[in-house]
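Chain residues, written in single-letter form:
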4 protein chains.
Amino acid sequence: MAAAPPTSPALRSRFDRRREAVVTTAARVFAARGFHATSIQDLAAATGLAAGGLYHYIGSKDQLLVAICDELMEPLLAQAQAIAASDASADRQLRQLVRVWMDHVERHRDHMLVFQQERRVLESGRQWQHVRRRRKQFEQLLADVLERVEAERLGRFADRDLALHALLGMVNHTPQWYQPRGRLSAEQIADGYVELLLAPERRDA
Amino acid sequence: MAAAPPTSPALRSRFDRRREAVVTTAARVFAARGFHATSIQDLAAATGLAAGGLYHYIGSKDQLLVAICDELMEPLLAQAQAIAASDASADRQLRQLVRVWMDHVERHRDHMLVFQQERRVLESGRQWQHVRRRRKQFEQLLADVLERVEAERLGRFADRDLALHALLGMVNHTPQWYQPRGRLSAEQIADGYVELLLAPERRDA
Amino acid sequence: MAAAPPTSPALRSRFDRRREAVVTTAARVFAARGFHATSIQDLAAATGLAAGGLYHYIGSKDQLLVAICDELMEPLLAQAQAIAASDASADRQLRQLVRVWMDHVERHRDHMLVFQQERRVLESGRQWQHVRRRRKQFEQLLADVLERVEAERLGRFADRDLALHALLGMVNHTPQWYQPRGRLSAEQIADGYVELLLAPERRDA
Amino acid sequence: MAAAPPTSPALRSRFDRRREAVVTTAARVFAARGFHATSIQDLAAATGLAAGGLYHYIGSKDQLLVAICDELMEPLLAQAQAIAASDASADRQLRQLVRVWMDHVERHRDHMLVFQQERRVLESGRQWQHVRRRRKQFEQLLADVLERVEAERLGRFADRDLALHALLGMVNHTPQWYQPRGRLSAEQIADGYVELLLAPERRDA
DNA sequence: TATGAATGAGCCTTCATTCAT
DNA sequence: CATGAATGAAGGCTCATTCAT
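The rules behind each value
Residues numbered from 1 in each chain as written. Chains lettered and ligands numbered in written order. Predicted model: local features only at pLDDT ≥ 70, side-chain atom pairs only at ≥ 80, totals over all residues. Heavy atoms only, no water. Least-squares fit on C-alpha atoms with pLDDT ≥ 70 in both. Contact = heavy atoms within 4.5 Å. Helix = DSSP H or I, 4+ residues; strand = E, 2+ residues; numbered from the N terminus. Buried < 20%, exposed > 50% of the residue type's maximum accessible area, 1.4 Å probe, protein only. Buried area = accessible area lost by both parts, 1.4 Å probe. Salt bridge = Lys/Arg side-chain N within 4 Å of Asp/Glu carboxyl O. Polar contact = N/O pair within 3.5 Å; in protein donor to acceptor, adjacent residues only side chain to side chain. Near = heavy atom within 4 Å.

Visitor: Lay out the relation of the copies chain B and chain A with the relevant residues and their values.
Guide: Superposing chain B onto chain A takes a rotation of 180 degrees combined with a translation of 0.1 Å along the rotation axis, leaving an RMSD of 0.1 Å. Seen this way, the second copy is the image of the first under a two-fold rotation axis. When you check the interface residues of chain B against chain A, 100% turn up at the interface there too, and the contact is symmetric in its surfaces.

Visitor: Talk me through the side chain of B:Glu150; I want residue IDs and the actual numbers.
Guide: Residue and element names in this part refer to chain B. Note that Glu-150 resides in helix 8 (residues 129–152). Take Glu-150: its relative accessible area is 17%, and that puts it in the buried class. Apart from the residues within four sequence positions on either side, Glu-150 is in contact with Arg-156, Phe-157 and Arg-160.

Visitor: Can you break down the interface of chain B and chain A residue by residue, with the values?
Guide: Counting from both sides, the interface comprises 33 residues of chain B and, opposite them, 33 residues of chain A. Between chain B and chain A, a total of about 2,900 Å² is buried, with carbon and sulfur atoms accounting for 66% of that surface. Viewed at the interface, chain A and chain B are joined by two salt bridges. For A:Asp159, the salt bridge is made with B:Arg183, and the minimal N-O distance between the two is 2.7 Å. Viewed at the interface, chain A and chain B are joined by eight residue pairs in polar contact (both at pLDDT 80 or more). Within the residue set of the side of chain B that touches chain A, elements represented by two or more residues are helix 1 (9–33), helix 7 (119–122), helix 9 (160–173) and helix 10 (186–203) of chain B.

Visitor: Tell me about the protein's contact with DNA strand F, and name the residues and values.
Guide: Around DNA strand F, 35 residues are found, and the nearest of them are A:Arg18, A:Tyr57, C:Arg18, C:His56 and C:Tyr57. Atoms of DNA strand F within 4 Å of the protein: sugar and phosphate make up 71%, bases the balance. With respect to DNA strand F, the backbone of B:Thr38 contributes an N or O atom lying 3.3 Å from a phosphate oxygen. Within the side chain of D:Lys61, one N or O atom sits 2.9 Å away from a phosphate oxygen of DNA strand F. Of all the secondary structure elements, the ones that give two or more residues to the surface near DNA strand F are helix 1 (9–33) and helix 3 (51–54) of chain A together with helix 1 (9–33) and helix 3 (51–54) of chain C. Per element, the largest residue contribution to the surface near DNA strand F is four residues, and it comes from helix 1 of chain C.

Visitor: With reference to specific residues and values, describe the environment of C:Ala44.
Guide: Residues and elements named next belong to chain C. Note that Ala-44 resides in helix 2 (residues 40–47). By relative accessible area, Ala-44 is classed as buried at 5%. Between the alpha carbons of Ala-44 and Leu-54 there is a distance of 6.8 Å; along the sequence they are 10 residues apart.

Visitor: Describe the arrangement of the chains, with residues and values.
Guide: Considering only C-alpha positions, the minimal separation of the non-contacting chain A and chain C is 11 Å. The two units chain B and chain C are non-contacting; their minimal C-alpha-C-alpha distance is 20 Å.

Visitor: I'd love a proper account of the pattern of salt bridges, names of residues and values included.
Guide: Across all of its chains, the model carries 39 salt bridges over all chains by this definition. Notably, a salt bridge pairs C:Arg160 with C:Glu150, separated by 2.7 Å at the nearest N-O pair. Taken together, the residues C:Arg160 in helix 9 (residues 160–173) and C:Glu150 in helix 8 (residues 129–152) connect sequence positions 10 residues apart. Residue classification places C:Arg160 among the partly exposed residues on the basis of a relative accessible area of 30%. Across the pair D:Arg99 and D:Asp191 runs a salt bridge whose closest N-O atoms are separated by 2.9 Å. You can see D:Arg99 sitting in helix 5 (residues 90–107) and its partner D:Asp191 sitting in helix 10 (residues 186–204), a full 92 residues away along the chain. For D:Asp191, a relative accessible area of 22% puts it in the partly exposed group.

Written out as structure tokens, the structure is:
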């Protein structure tokens, strides 16, 4: 278990800052070397702390992975829910959703890589249950939006299910080739993806 | 190194058959539990051999992963090259390519899952060089076909690069949700993916 | 690689002390059972550490053998070089050299036994290169002194080369029979050996 | 246990010839790589037999080492005993003994290297008891001759014990530097060694 | 005789984690 | 808070040996 965080606000803030730094560093190392291939000693070296010191900020290696996934999913899910709750049109919501999503790919590339690469690890085991639930929520939200897109304008996707899976595949694969200063911005990529999904319908329009 | 295979044809054939069975079983276990999370003992239990006995058929755990990837990529690449060398039109080639690819997803789902999930593992290290090269070849071949699709009919993709990455993302993600007896056949999925890529162009047709 | 030694002087000193104890214990066990026949578990039992704990002090079993050889050869070589650089007569240097050498046999008998018994092990492999070089240096130094002995007084050895090999054989074999409280002291043995080498010449004197 | 050798004389002879070849090859490999570092598979490769086939000729790896030592010690001891039983003068016996000994170094260099290098291995364990006894006998015989050398001519060795150990050290070390076509023949070396031992006395003669 | 498959114990080493300081 | 020492349970792999064929 992580050492109980301090109660005094000043100390608490310092604790949080350092913990945050540890998690970010860990995300970088996990993204580069993989979760299993990274030892606590590796993390110690990367953070500048000794092995024992790490355990003040993380409860365990597993919880560290949870923290990385949470840092990614919590704000993403929050924004996604806000968008889904807005009164924009369904296809506008879809565009915004993918933009926000790609924005996370851009700004939390390491987190995203870890979340994606360690998918198998997260698949079973109680310690990841929370993370799995969040992912499920996000995918469900996505599915709902796609459904509403179709509901608002009939016959939109050749196959809605396939479109959903395709979208998940495309976006989740992005961090593996995306270059921050590349030819395409995250936004352009987001719009490009949506275009692919929506286009088949449009041709008949 | 794997134990030198026997010289007599009969024994050789039995050796090959068993080795093949070991690789297939390993693919199943790796797909389910992940490469790192699977121990040699796990494989021993799954194959019915003792730990040491496995090493008659595999040279090492690493080489076993190579074997799995090779079993997947060699025939896939061979078929892909045949298609690319055919005199079918570029977009017909593309369709065939994705169908063949999806056929591998269907028939070698475990291999595909492993190849995809352990992407990070394969990324560095001399022992995987061969595998990386095969993947690169396949992706290059795909890129070439996409290029020819555009060459034959101007303005085909909103962004050809993006289309390539999208396709890779979609197909590679497929084994994670595809169900053999599901609503969509592998072929339908393949065609669906190609449709997504080609449609934007077509709408202007 | 051995765990990075601590930086604080106090800890560093404790680390060094314990490491030294581990090496000495290992020398004793290796001398008694042989390098290959001694398992890390054996060493753990002998040192009172758990198997894993040993690795704080040694980088590997191989490096432990290097450490033992170094502890023996570094001071021996240093003293030998000092003697060779002195302005004593060549045959005085020879006597001193063999005395110093035998002194090492006496005070580091275990190290000497290991160094001698594992000669074959040390013969090839990059990890022992350093040790081989030290041994070579020592033997060369010995050869040089023998040469100067002859240069100062013509016709000293029936065959200088043979004398060198004989000396190496005699001294290196000593730890296998030498008893600390035996009839002959290390010094007497040293002088006895030199006497054997020099006598043939002397008889003609 | 080695498979029972065949009873028919013809088969028996073939068996013996092959067994002899296996032992000789094993001696070569053990000399080069060391007993512990040589696996049965290595021996299989070196002999051209399969692992299982080896066990028709050797009972176990340990017994193979015994065989090598026996092939060396039996004839050496036999010859040594013949010499010791002859009515030659003691110092003539000594010379002959060392010549015979060096002859074995020359003609069975691999056996000698193994016998010497694996000294530690042979030191304990019932399976080597026989070998240890043979070595002991040889050394005792040597000691006896040295004693008689002194008995026949007073004051021969500065220290008889030391002379014995020195002789053992010198000769046993020889296979590690001796070159068959080198400047010195085995005989010259033998005589050189004896000269070293006898000379101190002789100078007073 | 000879083979190669198979065993299972044991090897060296790594690693997440704990704890006295 | 932080350290580095220490643990002990795996981990991947090798190896002498056996045995059905």
